[in-house]
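Listed below, chain by chain, are the residues.
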Amino acid sequence: MEKIIVEGGRKLSGTVRVNGAKNSAVALLPAAILADSTVTIEGLPDISDVDTLQSILQDIGAYIERPSEHEIKIDPSMIESIPLPNGKVKQLRASYYFMGAMLGKFKKAAIGLPGGCFLGPRPIDQHIKGFEALGAKIRNEKGALYLQADELVGARIYLDVVSVGATINIMLAAVKAKGQTIIENAAKEPEIIDVATLLTNMGAKIKGAGTDIIRIEGVEQLHGCLHTIIPDRIEAGTYAIIAAAQGTEVTIDNVIPEHLESLFSKMREMGVDIEHVDEQITIRPGEKLTAVNIKTLVHPGFPTDLQQPFTALLTKTEGMSIVTDTIYQARFKHIDELRRMNAKIKLEGNSAIVSGPSQLEGAQVKASDLRAGAALIVAGLMAEGRTEITGIDHIERGYENITDKLTKLGAKIYKEKMTDSEKKRMNVK
Ligand code: EPU
C-alpha cells in the first residue's frame, strides 16, 4: 500500500500527454466479446480498471494479448457465458457492461451488482428497463442479476433518466437483437459515440449516437476490427485545472477541445487564457482568478467528473463560488478533506459554497473516490508544505502515471510506502 506525497507550491510548465478515455475503455472491452473474431483496441489507458476488466475477460475464456501497455487484442471466439455473480465484477462499476454484452451474445448473463466509486445512490433501473423491453427476464438474487431471454427483439425504449451506462448497455444488448431498437432520451457523451464507432466497425448498424435518439438495426453477426480510443476528456480536464491552479504555461496534448467546451468556458470566465491548435491546448492562468459558479449537467454541460477537481481550484479564486452537482448529489466527500487543508467551503444541500481565496496548507488526507483523489492532488500542488494522500488505489483506477506526468511538469510529487501504523489506522494490509 502506498500514499502520494505532494510538496506543494511549485510552478508547473511544459507538455503533458493525455491517454485514451477510461470511460470508453471500460465499455469497449466488454463490447469486444460481441465479435466472433479478434478485436484490437489501441490507445488503451494503462490503469487498474482496465487490468480488472482484462482479467474478467480471461476468466470467461477470452484469449488476450497485450503487444504494449496501450494496446490489447481480444479474441472472444472461445468465450462462454460463465456466471460472474461475485469477485472482480464487484470492484468496478463498468462491469455492468458485461450484462448487456453477454445478454447480446448469449441471451443470458449472471453478473454481480457493480461496485465503483461511492457517489451516493447509483441505481441501474434504466439498464434493466432496457433489457426487459428487449425481451429479457431478470431476477435479482443475493446481490447478482440473472438475465435470460429466449429471443431479443428490438424495441422503442425511452430512458426516464439520461444515463451513460444505460445507453451503452442497451446498445450492447440490442446490436444483435431482431429488428429495430430506438433509444430515446439517450445520453450524448463522447464515450457513447466511441462505443458506437467500435460496434459499427464490428458490423453493427447504429445511427444517431451522440444525439438523444439512437437507432439500431439488429444484425446476426459481428466481426473483429481495429479501434483507437478517443482521448480522455476528464484526464485532459484534470490537467487543465491543474494548469490553471499552479501552471505558468502548460500544454496538454491529445485533446479534443470540443469535448471540454463547458470547462473551458468556465475557466475563461475565471480569467484563464486558453489557446487551442489542433489536438493541443495551452493554458496560461491570469494573475488573479475570479470566482465562478458551476452546475454539473449531462453532456455537453459541465461534467460531474470534473466537479471535484474544479472545486479544489475554486479555493484559489477571489470571491464566492457555488458548485452544484445535479448528477450525483452526494459527490462531495472531498469537501471535508479540502477543509483539512484550510479551504473555506460549506455544504448546503447539493451545493458547495467556496469562499476564496484561501492559501491551502499541506495535510494528511484521504481520497474517498477517483475524482476526489484528483481534487486532493490539485489542492496538494497549490498548498504550502507537504500533503499526504492515502486511498490512492482510487486514483490509479483512472489516471495513468499521474505522479510521473506531474513530475515532468515540475511538480514534487511521488509515492511512498505507507507505514504499519497508517495501514492499521486505515484497516488495510
Ligand atoms: N441513474 C438512474 N438510473 C439508472 C442509471 C443512472 O437513476 O439506471 C442516474 C444516476 O444515479 C445518476 C445519473 O442517472 O444520477 C447519471 O448516471 P449515469 O448512468 O450516466 O452514470 P454511469 O454510467 O453509472 C458514468 C461514468 C461516471 C460518470 C457518469 C456521469 C463510467 C464507467 N462511469 O457513470 O464516471 O460520472 O457516467 O457522466 O462510464 C468517473 O469517471 O469518475 C465516473 C464516476
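Keep in mind it's a predicted model, so treat the numbers as computed, not measured. (Residues numbered from 1 in each chain as written. Predicted model: local features only at pLDDT ≥ 70, side-chain atom pairs only at ≥ 80, totals over all residues. Heavy atoms only, no water.)

Enquirer: Would you mind going over the pattern of salt bridges in detail, with residue names and values included?
Expert: One pass over the structure, following the stated rule, counts 26 salt bridges. Across the pair E151 and K178 runs a salt bridge whose closest N-O atoms are separated by 2.9 Å. Pair noted here: E151 is in the loop between β8 (144–148) and β9 (156–158) and K178 is in the loop between α5 (164–174) and β10 (180–184), with a separation of 27 residues, a long-range link. Under the relative-accessibility criterion, K178 is labelled exposed at 53%. In this structure, E249 and R284 form a salt bridge, with 2.9 Å as the shortest nitrogen-oxygen distance. Taken together, the residues span a long stretch of sequence, with E249 in strand β14 (residues 247–253) and R284 in strand β16 (residues 280–285) at a distance of 35 residues. The class for R284 is partly exposed, based on a relative accessible area of 26%. Residues participating in the shared-partner salt-bridge network are K3, R386, E388 and E416. (Salt bridge = Lys/Arg side-chain N within 4 Å of Asp/Glu carboxyl O. Helix = DSSP H or I, 4+ residues; strand = E, 2+ residues; numbered from the N terminus. Buried < 20%, exposed > 50% of the residue type's maximum accessible area, 1.4 Å probe, protein only.)

Enquirer: Let's hear about the site of the ligand: which residues, and what values?
Expert: If you check the shell around the ligand, you find 25 residues, and the closest are Q126, S163, D305, I327 and R371. Q126 places a polar main-chain atom, nitrogen or oxygen, 2.7 Å from an oxygen atom of the ligand. In this structure, R331 approaches the ligand through a side-chain N or O atom, which is 3.1 Å from an oxygen atom. Contact with the protein chains hides 89% of the accessible area of the ligand, taken as 820 Å² for the molecule alone. There are two domains that each give the shell around the ligand at least three residues, and those are domain 1 (2–19 + 231–425) and domain 2 (22–228). (Near = heavy atom within 4 Å. Polar contact = N/O pair within 3.5 Å; in protein donor to acceptor, adjacent residues only side chain to side chain. Areas by Shrake-Rupley, 256 points an atom, 1.4 Å probe, with all protein chains shown as cover. Domains from an automatic or database assignment.)

Enquirer: An account of the sheet that holds strand β22 (residues 386–390) is requested, with residue identities and associated values reported.
Expert: Here four strands make up an open sheet; going across it, the order is β21-β22-β1-β23 and the pairing mixed. Where the open sheet ends on each side, the last strands, each with one partner, are β21 (364–366) and β23 (412–417). The sheet shows a mean angle of 25° between the axes of neighbouring strands, taken without regard to direction. Relative to β22, β21 is paired through three bridges, and the arrangement is parallel. Its bridge partner lying in β22, V365 is registered against I389. (Pairing = 2+ DSSP bridges. Axes fitted to C-alpha atoms, helices over the stretch in contact; angles between N-to-C directions.)

Enquirer: Can you explain the side chain of Q307? Please cite residues and give values.
Expert: Inspection of the secondary structure puts Q307 in helix α9 (residues 307–314). One polar contact links Q307 to D325, side chain to side chain, over a distance of 3.0 Å. Setting aside residues no more than four positions away along its own chain, Q307 makes contact with I294, T296, F302, V323, D325, R331, F332 and H334. (Contact = heavy atoms within 4.5 Å.)

Enquirer: Hey, could you go over the packing of aromatic side chains for me, with residue numbers and the actual values?
Expert: We describe a pair of aromatic rings using the distance from one ring centre to the other and the angle between the two ring planes. Tallying each qualifying case throughout the model produces two aromatic pairs. Between the aromatic rings of Y96 and Y97, the centroid separation amounts to 4.9 Å while the plane-to-plane angle is 80°, which identifies the pairing as edge-to-face. Here Y96 and Y97 have matching classes, each one buried. Relative to F310, the ring of F302 lies with its centre 5.2 Å away and its plane at 65°, an arrangement referred to as edge-to-face. With a relative accessible area of 0%, F310 lands in the buried category. (Phe/Tyr/Trp six-rings, centres within 6.5 Å; stacked < 30°, edge-to-face > 60°.)

Enquirer: Provide a residue-level description of the domain arrangement of the protein, including the pertinent values.
Expert: Assigned domains of the protein: these are domain 1 (2–19 + 231–425) and domain 2 (22–228). One C-alpha centre belongs to domain 1, the other to domain 2; they are set 30 Å apart. Taken residue by residue, the interface counts 20 residues in domain 1 and 21 residues in domain 2. A buried area of about 1,800 Å², summed over both sides, lies between domain 1 and domain 2, and 54% of it is on carbon and sulfur atoms. In this structure, the connection of domain 1 to domain 2 is made through two salt bridges. (Buried area = accessible area lost by both parts, 1.4 Å probe.)

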